[in-house]
Amino acid sequence: MIVVLMVIVILRIGHQPQHVLDVHVQINQHKLQIQSAPVQRVVHQVLAQFLISNVILLMTFRRAHAMSDSGDPCSGYCSNGGTCELLFSETTPYCQCPFDYYGATCQTARSVQTSYVGCYDDSSASFNEYYVYSTTITKGNDCRDALITYREANPTSNYAYSTMSGTKGQCLFSTTNTLTDPPQAGLLGGLLAALLATCSYSDMNSGSASVYSLNDVCTPGPCGDASGNGKCIQTSATAYSCLCNPLKTGSTCQSDASLTPCDSVDCGVGTCGITDDKIGHYCLCTNTNQTVACERFYCDETPCQNDGECEDIIGPPNSYNCTCTPQWTGTNCTIDVDECAEDTTLCKTKDPDATCVNTNGSYYCVCGPNMFGKSCLFNKIIYQILNATYGDLGPDKLDEMATELTNDPTLVRDIVPFLIGGYSLDVRKSLSWTAEDMFLWVAYEQQLIDLNSNFVMWNDKVLGNCFTFNHMNSSFQYKARESGYSGGLEMQMNVKQDEYLPWTETASVMVFTSTKTEVVTSESVRMNTAPHFESRIAINRKDYKRLGGRYGKCIKAIKEVKSYYYDGDYTTDGCLRSCYQDVVSDTCTCMDPRYPMPSDGISCNISQKTCIDELVDSKGDPSTWPQCYCPLPCSQTVYTSKLSRLPYVNKITECEKPFTNKTACYEKYRDSVILRVALPKLDYMIYAETPAMDLTRFMSYLGGILSILIGVSIVSFVELFFLFVQIIVILIFNKRL
């Protein structure tokens, strides 16, 4: 069963003026129960092969007689774009391989392997021996990829470490890692870095550096490369061979050689002869009585086991070399590599309870009770999500999809509501925190108040359990009677970061502000209040009044829109989401569980999420849909909030009292939030639309203009009226009034 715990606190204060606050803690976890390349036949090379301490030592001698037709020992020697050069007084051909290939003749394609070394403090590092590659790269994994690109373009380079320095703001390359101290990230930073390994891929902050290692066994020059004693040739991901100067011998070309060129040389029926320079040898074949190679192709006999690649070494004497897969070693690739012994952290990168079990040619991990995956990298909750979504998956596909979910937390957050959408309200409430889990204390006007009687708990499929102060259904409504924090709301709340789900990005309590009759949703504007801080929120009220009718469309009552599934007063966002739910229902025969729906609405399950995603991708934002016409409300109250915060004092009085467990007391404060909410002032602004012109204003303007232009006033109109009447009387009755 998936258990998701989400706690939100919503604080509403009745306004004389009225002020409101909502708080949300990100998704927490509570009461969790989970229970082969073509063989090159090179005629002019002679290799004597020795097995010393599991390292193949290749000694190459110049052959004085039998040469290729071209006379060039390098002709056709290197494959896959390798560059051949003659070493050791032009006695030995050597391939400088592109970075993508390795082997004596560059015959094996490289599978680039990198390791995350760790996160270190670089605040005092000088990086004198480091090569500055870039000052624009900011992420550790980007710097790692840059090293791979650099090595591909510069095959002779031996840089094996990439360091993304946050202090320097530089991507640096080196042959060794000189950083040793852990970063000074603090408790919260260290916890998040350990949980999400953010230092391996996030932007580096000053004081931190992310280090990656390129697993290149030849980078240290183990064969005395720098002094000319030999050349290192990589033979597998974890093994190398030493191509020694003829004058040197030993597993790493460390000793002077006593040359006996014919020792251990198999010329078949021929006899071995030493060349004039006393370094090389040749075979005198009895059937021809001439100095020619008595060839034998060992690879035809398939000496290399367990998918090892065989390479014939043409003499005289003829020999062969096996390039083993990373799981095998030995002359013929018959010795199993114990991966668990070579890397004791192989299965413990994320799961300290995991156990590594070696097998012939491979290994497997036995994960602890809370993790899964081939390498125990993923939390079992992710397995439940994938299993509920897609059914049983193979281990490779399961690892691939779990990696995608872990790297993109938004995918998990989007899926969770679909998983719990079918649960009853009582079940969803039981999976989240109670008020007692959330609050340590609450006070209003500096007086402690009761949690259960002053907070209303409700549940949202995205937010989880929410706690609202001054809820519209509360029997008692608090009023703002005094400005400032002494007349406001105060509380201390638990954060409990140890119960967070692994994909949660931020440790905080979310705070929402709204009017008493406005419903808070997962899309409402919120503020994050971080633990180990005292957060203060100042609230200001603004009222907006809009004209309707011939001046424009606005909504006075919810009944004026087709659908509205939110409680409380009308809002444009609620109208758009209600219309969105209607379109989803018509298209997918269910409704999106992330948003409110009617009581008889059917919640979409995880298998129907694809239908919703395709609908949104094709139609875009609901505000652009022609069927979703949602004007602004005619009357609206908005609370704007300003957040400030102060760190806790170094010494807390409560924790310094005698007989107090200081460690537990300070830990409680570090994992909690103190919140204070108030109105800085009790007055507020009203913004009202008024007509630009009405009849009264028109007559006033007209009279004023006429009086200015022609001196006409109301008295003038009265006098003119009586003048006309007197003229009519004189004309009719021949007398004056």
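Data block above holds the structure.
So, how was this worked out
- Residues numbered from 1 in each chain as written.
- Predicted model: local features only at pLDDT ≥ 70, side-chain atom pairs only at ≥ 80, totals over all residues.
- Heavy atoms only, no water.
- Helix = DSSP H or I, 4+ residues; strand = E, 2+ residues; numbered from the N terminus.
- Buried < 20%, exposed > 50% of the residue type's maximum accessible area, 1.4 Å probe, protein only.
- Areas by Shrake-Rupley, 256 points an atom, 1.4 Å probe, with all protein chains shown as cover.
- Salt bridge = Lys/Arg side-chain N within 4 Å of Asp/Glu carboxyl O.
- Disulfide = S-S within 2.5 Å.
- Pairing = 2+ DSSP bridges.
- Axes fitted to C-alpha atoms, helices over the stretch in contact; angles between N-to-C directions.
- Arc of directions from axis to C-beta.
- Contact = heavy atoms within 4.5 Å.
- Polar contact = N/O pair within 3.5 Å; in protein donor to acceptor, adjacent residues only side chain to side chain.
- Patch = residues over 30% accessible without salt bridge, like charges linked within 9 Å, V, L, I, M, F, W, Y side chains within 5 Å.
- Core = buried A, V, L, I, M, F, W, Y, C linked by side-chain atoms within 4.5 Å.
- Domains from an automatic or database assignment.
- Expected span 1.5 Å × (residues − 1).
- Phe/Tyr/Trp six-rings, centres within 6.5 Å; stacked < 30°, edge-to-face > 60°.
- Lys NZ or Arg CZ within 6 Å of the ring centre and 35° of its normal.

**Student:** Would you take a moment to explain the overall build of the protein chain for this structure?
**Tutor:** From N to C terminus, the protein chain includes 14 helices and 39 strands. Across the 737 residues of the protein chain, 45% fall into the buried class. As presented, the protein chain carries roughly 37500 Å² of accessible surface, and 52% of it is formed by carbon and sulfur atoms.

**Student:** Just to check I follow, could you spell out the pattern of salt bridges for this structure?
**Tutor:** It is possible for side chains bearing opposite charge to pair when their charged atoms get close. All chains considered together, the criterion is met by 12 salt bridges. In this structure, R541 engages D543 in a salt bridge whose closest nitrogen and oxygen atoms are separated by 2.9 Å. Residue R541 is classed as buried on the basis of its relative accessible area, which comes to 16%. Using a relative accessible area of 7% as the deciding quantity, one classes D543 as buried. As a salt-bridge pair, E560 and K553 come within 3.6 Å of each other at their nearest N and O atoms. With a relative accessible area of 49%, K553 lands in the partly exposed category. Through salt bridges with shared partners, a single ionic network connects E490, E534, R536 and R676.

**Student:** What is the right way to look at the state of the cysteines in this model?
**Tutor:** Covalent bonding between the sulfur atoms of two cysteines is what defines a disulfide. In total, this model carries 19 disulfides according to the counting rule given. There is a disulfide in this structure between C299 and C310, and the S-S distance comes to 1.9 Å. Between C299 and C310 the disulfide shows an S-S torsion of about -85 degrees. By sign, it is left-handed. You can see C299 sitting in the loop between β20 (290-291) and β21 (309-313) and its partner C310 sitting in strand β21, a full 11 residues away along the chain. Accessibility assignment for this pair places C299 and C310 in one class, buried. In this model C575 forms its disulfide with C630; the gap between the sulfur atoms is 2.0 Å. Residues C575 and C630 are joined through a disulfide that is left-handed, its torsion about the S-S bond being -75 degrees. A residue pair is termed long-range when its members are at least 10 positions apart, and C575 in helix α10 (residues 572-588) and C630 in the loop between α11 (609-619) and β37 (635-647) qualify at 55 residues. Of the two residues, C575 and C630, neither departs from the other in class, the shared state being buried.

**Student:** Whenever I open this one, the sheet that holds strand β11 (residues 161-165) confuses me. Can you help?
**Tutor:** In a beta sheet, neighbouring strands are held together by backbone hydrogen bonds and run either parallel or antiparallel to one another. Taken in spatial order, the five strands of this open sheet run β9-β13-β11-β12-β10, and their pairing is antiparallel. Looking at which strands have only one partner, the edges of the open sheet turn out to be β9 (114-120) and β10 (131-134). Each strand axis lies, on average, 25 degrees off the axis of its neighbour in the sheet, ignoring direction. Note that β10 and strand β12 (residues 170-174) share three bridges and pair antiparallel. Paired with V132 across the strands is L172, a residue of β12.

**Student:** What's the story with helix α12 (residues 662-670) in this structure? I'm lost.
**Tutor:** Each turn of an α-helix holds 3.6 residues, which means side chains three or four residues apart point in the same direction. Taken residue by residue, α12 has C665, Y666 and Y669 as its buried positions. Around the axis of α12, the buried residues are gathered within 90 degrees of arc, so they sit on the same side. At its buried positions, α12 is contacted by β33 (489-494) and β38 (672-678). The N-cap residue of α12 is N661: its side-chain oxygen and the backbone nitrogen of T663 are 3.3 Å apart.

**Student:** Help me understand a nonpolar patch on the surface in this model?
**Tutor:** Together, L720, L723, F724, I727, I728, L731, I732 and F733 make up an exposed nonpolar region whose accessible area comes to about 860 Å². In this fold, L731 is placed in helix α14 (residues 714-733).

**Student:** Mind showing me how you'd approach the nonpolar core here?
**Tutor:** When a protein is soluble and globular, its nonpolar side chains tend to lie buried together. Counting residues in hydrophobic clusters, the biggest one holds 32 residues, and the most contacted among them are L386, Y570 and I612. Sorting the residues of this core by element identifies α4 (380-390), α5 (395-407), α6 (409-420), α10 and α11 as the ones contributing at least two each. For this core, the element with the most residues is α10, which contributes seven residues. Counting the residues that make up this core, at least three belong to each of domain 2 (339-407) and domain 3 (415-554 + 632-685). In contact with Y570, other than residues within four places in its own chain, are I555, I558, V561, Y564, C575, C630, P631, L632 and P633. Within the second largest apolar cluster, 29 residues are counted, among which are F467, F469, L489 and V495.

**Student:** What is the right way to read helix α1 (residues 140-153) from this model?
**Tutor:** In a regular helix each residue adds 1.5 Å, so 14 residues correspond to 20 Å; α1 covers 20 Å between its end C-alpha atoms and thus fits that length. Among the residues of α1, G140, C143, A146, L147, I148, Y150 and R151 are the ones counted as buried. Among the structural elements, β9, β10, β11, β12 and β13 (209-214) are those in contact with the buried residues of α1.

**Student:** I would appreciate a short explanation of the environment of G488 in the present structure.
**Tutor:** Here G488 is to be found in the loop between β32 (464-469) and β33. A sequence separation of 192 residues divides G488 from P680, and the C-alpha atoms of the two residues are 9.6 Å apart. Here G488 is in contact with A443, Y444, E445, V677 and A678, once residues within four sequence places are set aside.

**Student:** What is the right way to read the packing of aromatic side chains from this model?
**Tutor:** What characterises a pair of aromatic rings is the spacing of the ring centres plus the angle enclosed by the ring planes. Using the criterion set out here, one finds 23 aromatic pairs in the structure. Judged by centre distance (6.0 Å) and plane angle (80 degrees), the rings of Y133 and Y150 are edge-to-face. Of this pair, Y133 sits in strand β10 while Y150 sits in helix α1, and the two are 17 residues apart along the sequence. On the basis of relative accessibility, which here comes to 16%, the residue Y150 falls in the buried class. Ring geometry for Y580 and Y595: centres 5.6 Å apart, planes at 90 degrees, overall edge-to-face. Of this pair, Y580 sits in helix α10 while Y595 sits in the loop between α10 and α11, and the two are 15 residues apart along the sequence. Judged on exposure class, the residue Y580 and its partner Y595 are both buried. Here a set of aromatic residues connected by ring pairs shows up, and it is made of F439, Y444, F455, F467, F469, F476 and Y478. One cation-aromatic arrangement involves R144 over Y212; the distance from NZ or CZ to the ring centre is 4.9 Å. The ring of W433 is capped by K496, whose NZ or CZ atom sits 5.1 Å from the centre of that ring.

**Student:** Please explain the side chain of T529 as it appears in this structure.
**Tutor:** Looking at where T529 falls in the secondary structure, it is placed in strand β35 (residues 526-529). Other than its neighbours up to four places away in sequence, T529 contacts S508, V509, V511, S535, L643, V673 and L675.

**Student:** Before we go on, may I ask you to explain the side chain of S134 in this structure?
**Tutor:** Position of S134 among the secondary structure elements: in strand β10. In this structure the side chain of S134 is engaged in a polar contact, spanning 3.0 Å, whose partner is the side chain of T136. From its side chain, S134 meets the backbone nitrogen of I137 in a polar contact 3.3 Å long. Among residues more than four places away in sequence, those in contact with S134 are G169, Q170 and C171.

**Student:** So what exactly am I meant to see when it comes to unusual backbone geometry here?
**Tutor:** Comment: phi is negative for the bulk of residues other than glycine, and the bulk of peptide bonds are trans. A positive phi is found at T302, a non-glycine position, where the angle reads about 50 degrees. By the element assignment, T302 lies in the loop between β20 and β21. Its relative accessible area of 52% is what places T302 among the exposed residues. Phi at D307 is positive, roughly 65 degrees, even though this residue is not glycine. With respect to the helices, strands and loops of the structure, D307 is situated in the loop between β20 and β21.

Function-wise, these values are silent; they only describe arrangement.
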